[in-house]
Amino acid sequence: MDRVLAALRAAAEPTRLRILCLCAKGELTVTELTQILGQSQPRVSRHLKEMCSAGLLERHQEGSWAFFNVAADGAISRLALSLLEQIPENDDALAQDLRRLEAVRALRAEAARAYFRENAEEWDRIRSFHVDDRQVEAALLSLVSGSPDTRLLDIGTGTGRMLQLLSPVVGQAIGVDSSREMLSVARANLAEPDFANCSVRQADMSQLPWPNASFDLVIAHMVLHFTDDPAAAVAEAARVLRPDGRLLIVDFASHDIEELRAKFAHRRLGFRQQEVDIWCSESALSIRSVKALEGDPLTVMIWESRKLPTVDHRPELIGDTVATWARGATL
Ligand SMILES: C[S@@+](CC[C@H](N)C(=O)[O-])C[C@H]1O[C@@H](n2cnc3c(N)ncnc32)[C@H](O)[C@@H]1O
């Protein structure tokens, strides 16, 4: 009861209800909220602090920026959503806030588009080396049978394309990427109401900021070739996967196009079946299917695996610790 009362108190103020409505439309920074609400930064920050302590909002730090969104899980999250349902969208103050939110998003989207424009040529050149993305996406969709309860993690989300593709078939879809610029592009791409169940975070694939067994489905689409330790990245993906959850790895079959190293920062020139087998078995993953989409000169592979139930009930393992443990684990 105390927690509910604290949450009700934290919401019982006009600016705070406005903040709750705005954060329900997507993640926002303090600066963006300040621009929309027309109030001073210290004042907005104070409101945000109270709302986070009461569990109405969640905050995550990305470099020097903090993002705020409505709490995703639990009783206080449900309370926040039911409060939001009581507020009509044509309320004068709210309608004005939503117009300002659109303007803020347009600025954000333009900055993201500018970044992407500068890099688009390189991306298109890589695309010309392999099968059409649509073929890969159709193959992926045929493998995913999600439900409203499915929690998806997209590792190395880039522009958020995988989140867009899979958001209709899962409950919650979260993308991580180490690049702040890519996350800006993803945020702009996911600003539509259709993608309200999607969010993104800055994180490195070798140290995912979630407890063990947090996700039902994890995808690593064209990202493992950027790491010099893919085994550790697979172990980390397996750690956050619940028993019987699925990992989909989409990457190139082993190739010899050195240019991808020099020009596109690829560390690894695709992967051999044997090495993927080893990473999976070391991480308690059982490979269920392997699909090869042949292109010229690159073949795109889709490895589908399931997390085996383990008897290990040790406390949370993160980053290097889990990679080390997973390498030594017996199945
Ligand atoms: C080729 S893009 C693929 C994006 C997306 N998965 C897709 O296929 O549309 C690779 C992404 O991986 C991200 N990335 C590279 N190294 C990473 C790391 N160590 N941790 C997290 N993301 C990483 C890059 O920033 C980039 O956005």
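Located above this text is the structure these notes cover.
To keep things clear, this report deals only with the structure shown in the data block. (Residues numbered from 1 in each chain as written. Predicted model: local features only at pLDDT ≥ 70, side-chain atom pairs only at ≥ 80, totals over all residues. Heavy atoms only, no water.)

### Observations concerning the environment of alanine 233
With respect to the secondary-structure elements, alanine 233 resides in helix H10 (residues 230-239). Residue classification places alanine 233 among the buried residues on the basis of a relative accessible area of 6%. C-alpha of alanine 233 to C-alpha of isoleucine 155: the two residues are 78 residues apart in sequence and 9.5 Å apart in space. Leaving out residues up to four positions away in the same chain, alanine 233 has contacts with Met205, Leu224 and Thr227. (Helix = DSSP H or I, 4+ residues; strand = E, 2+ residues; numbered from the N terminus. Buried < 20%, exposed > 50% of the residue type's maximum accessible area, 1.4 Å probe, protein only. Contact = heavy atoms within 4.5 Å.)

### Describing the sheet that holds strand E5 (residues 172-177)
Judged by pairing direction, the sheet is mixed, and its seven strands sit side by side in the order E6-E5-E4-E7-E8-E10-E9 without closing on themselves. Sheet topology places strand E6 (198-202) and strand E9 (285-293) at the edges, where each strand pairs with a single neighbour. On average, each strand axis in the sheet is inclined to that of its neighbour by 15°, with strand direction left out of account. As defined by bridge partners, E9 adjoins strand E10 (residues 300-307) across eight bridges and the pair is classed as antiparallel. (Pairing = 2+ DSSP bridges. Axes fitted to C-alpha atoms, helices over the stretch in contact; angles between N-to-C directions.)

### Details of the site of the ligand
Among the 15 residues in the neighbourhood of the ligand, the closest are listed as Gly156, Asp177, Asp204, Met205 and His221. Measuring from an oxygen atom of the ligand, one finds a side-chain N or O atom of aspartate 177 at 2.5 Å. Burial of the ligand by the surrounding chains reaches 85%, relative to a free accessible area of 600 Å². Looking at the shell around the ligand residue by residue, the class counts come to seven nonpolar, six polar and two charged. (Near = heavy atom within 4 Å. Polar contact = N/O pair within 3.5 Å; in protein donor to acceptor, adjacent residues only side chain to side chain. Areas by Shrake-Rupley, 256 points an atom, 1.4 Å probe, with all protein chains shown as cover. Nonpolar A, V, L, I, M, F, W, Y, C, P; charged D, E, K, R; others polar.)

### Side note on the packing of helix H3 (residues 30-37) against helix H4 (residues 41-53)
Viewed as axis vectors pointing N to C, H3 and H4 meet at an angle of 115°, and their least axial separation amounts to 9 Å. When the axis of H3 is compared with that of H4, the two are roughly perpendicular. Crossing of H3 over H4 shows right-handed handedness. Two secondary-structure elements touch here, H3 through Val30, Thr31, Leu33, Thr34 and Leu37 and H4 through Gln41, Val44, Ser45 and Leu48. Here the residues of the contact of H3 with H4 are counted per class, giving five nonpolar, four polar and no charged. (Parallel < 35°, antiparallel > 145°, perpendicular 65-115°, else oblique. Left-handed = near helix turned anticlockwise from the far one by under 90°.)

### Some words on the pairing of strand E8 (residues 241-252)
With nine of twelve residues buried, E8 lies mostly within the body of the structure. Of the pairings in the sheet, the one linking strand E7 (residues 215-221) to E8 comprises six bridges and is parallel in character. Bridge pairing in E8 places alanine 220 opposite isoleucine 249. In this view, the connection linking E7 to its parallel neighbour E8 by way of H10 has right-handed handedness. Sheet topology note: the E8/E10 ladder contains seven bridges and is antiparallel. Looking at E10, one finds that isoleucine 249 is bridged to tryptophan 303. (Right-handed = clockwise from strand over helix to strand, strands pointing away.)

### As for unusual backbone geometry
A cis geometry characterises the amide bond from aspartate 296 onward to proline 297, with omega recorded as 5°. By the element assignment, proline 297 lies in the loop between E9 and E10. A positive phi is found at alanine 213, a non-glycine position, where the angle reads about 60°. Along the polypeptide, alanine 213 turns up in the loop between E6 and E7. A positive phi angle, near 60°, is found at alanine 265, a position not held by glycine. You can see alanine 265 is positioned in the loop between helix H11 (259-264) and helix H12 (273-282).

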